[in-house]
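Structural overview for review
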Amino acid sequence: MRRVAWIFATGFVLASGPCLSARIAAAQESVALEITGEDEIGDHHEGYYYPTPQTVEHYSSRVVTLPDSDEIRRQGFVIGMARQLASGQYAPDYAIFAKGDEAQKLIITGLHDGALDTIFRARALFANMTLIARSTPFFQKNTQPEEATFFDLLKLLGFTQVTISDGKQFCHQVIID
């Protein structure tokens, strides 16, 4: 698995101005969905972007969402991550994107058979992302990096859910409280 630098990915887009909204809108499909929990509406992304999660866990974050973390910041973060993945020497092992009314749902999908197909591989990727996040100035400024995790970074940015799947059968979901 390749390492991904996130130094640029957590706030660089805020200074880009009104043209950014148009670029983000073109880059991301708009899906109207409100996070509703376990009610009769359900998860409209399940069955389209990933199979039904076999496991769901809740993560109680140690941080609060930053006041200026909005849809634009979340989409900027994801676009930055996707660009970094695509710019590597090799084809990326997974795709990363955001969905939901406010881009509050992060989705990570494996692109090759055998990648991200167990809870252990999913947790290993999250652990790797935690290590990378801890090295960024943004994370060091807004958390206690020796204690915070990748899920805390997502909470800072306003994500409420992350779903990780092999794109075939395996799927694990983390609700960020």
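This text follows the structure it describes.
Note that the coordinates shown come from a computational prediction; the quantities given were computed from them, not determined experimentally.

**Some words on the overall build of the protein**
A tally of helices and strands in the protein yields 5 helices and 5 strands. N-terminal to C-terminal, the α/β element order of the protein is α-β-α-β-β-α-α-α-β-β. Long-range pairs, those at least 24 residues apart, make up 67% of the contacts in the protein between residues at least 6 apart in sequence. Total accessible area on the protein stands at roughly 9,100 Å², and carbon and sulfur atoms take up 54% of it.

**Some details on the packing of aromatic side chains**
Throughout the structure, instances matching the rule amount to 7 aromatic pairs. Between Y59 and F151, the ring centres sit 5.2 Å apart and the planes meet at 50 degrees, which makes this aromatic pair tilted. Here the residue Y59 occupies a position in strand β1 (residues 55–59), and F151 occupies one in helix α5 (residues 150–157), the gap between them amounting to 92 residues. Each member of the pair, Y59 as well as F151, carries the same accessibility label: buried. Chaining the aromatic ring pairs together yields one cluster made of Y59, F126, F150 and F151.

**Quick notes on the sheet that holds β1**
On the basis of which strands lie adjacent, the open sheet formed by 5 strands has the order β1-β5-β4-β3-β2 and mixed pairing. Only two strands of the sheet have a single partner each, and these edge strands are β1 and β2 (94–99). Averaged over neighbouring strand pairs, the angle between their axes works out to 15 degrees when direction is ignored. As defined by bridge partners, β1 adjoins strand β5 (residues 171–176) across 5 bridges and the pair is classed as parallel. Bridging across to β5, T55 finds its partner in H172. Together, β2 and β3 (105–110) form the strand contacts of helix α2 (residues 71–86), whose direction differs from that of β2 by roughly 165 degrees. Docked against the sheet, helix α3 (residues 119–134) engages β1, β2, β3, β4 (161–165) and β5, running at close to 130 degrees with respect to β4.

**What to know about the pattern of salt bridges**
If you walk through the whole model with that rule in mind, you get 5 salt bridges. Taking the shortest distance from any N to any O, the salt bridge between D152 and R62 comes out at 3.1 Å. Within this pair, whereas D152 is found in helix α5, its partner R62 is found in the loop between β1 and α2, the two being separated by 90 residues in sequence. Linking D68 and R73 is a salt bridge whose minimum nitrogen-to-oxygen distance equals 3.3 Å.

**Quick word on the packing of α3 against α5**
Between two packed helices, both the angle of their axes relative to each other and the distance between the axes serve to describe the pair. Between α3 and α5, whose axes approach to 8 Å, the crossing angle comes to 65 degrees. Taken together, the axes of α3 and α5 lie roughly perpendicular to each other. On α5, the residues that touch F126, M129, T130 and A133 of α3 are F150, F151 and L153.

**Comments concerning unusual backbone geometry**
Phi at A103 is positive, roughly 55 degrees, even though this residue is not glycine. On the secondary structure map, A103 appears in the loop between β2 and β3. For A103, a relative accessible area of 1% corresponds to the buried category. Within the chain, L116 stands out as a residue other than glycine whose phi angle is a positive 55 degrees. Within the secondary structure, L116 is located in the loop between β3 and α3.

**What about α3?**
Taking 1.5 Å of rise per residue, the 16 residues of α3 would be expected to cover 22 Å, and the 22 Å separating its terminal C-alpha atoms lies within 8% of that figure. When we look at burial in α3, the residues that qualify are I119, A122, L125, F126, N128, M129, T130, I132 and A133.

The rules we used
- Residues numbered from 1 in each chain as written.
- Predicted model: local features only at pLDDT ≥ 70, side-chain atom pairs only at ≥ 80, totals over all residues.
- Heavy atoms only, no water.
- Helix = DSSP H or I, 4+ residues; strand = E, 2+ residues; numbered from the N terminus.
- Contact = heavy atoms within 4.5 Å.
- Areas by Shrake-Rupley, 256 points an atom, 1.4 Å probe, with all protein chains shown as cover.
- Phe/Tyr/Trp six-rings, centres within 6.5 Å; stacked < 30°, edge-to-face > 60°.
- Buried < 20%, exposed > 50% of the residue type's maximum accessible area, 1.4 Å probe, protein only.
- Pairing = 2+ DSSP bridges.
- Axes fitted to C-alpha atoms, helices over the stretch in contact; angles between N-to-C directions.
- Salt bridge = Lys/Arg side-chain N within 4 Å of Asp/Glu carboxyl O.
- Parallel < 35°, antiparallel > 145°, perpendicular 65-115°, else oblique.
- Expected span 1.5 Å × (residues − 1).

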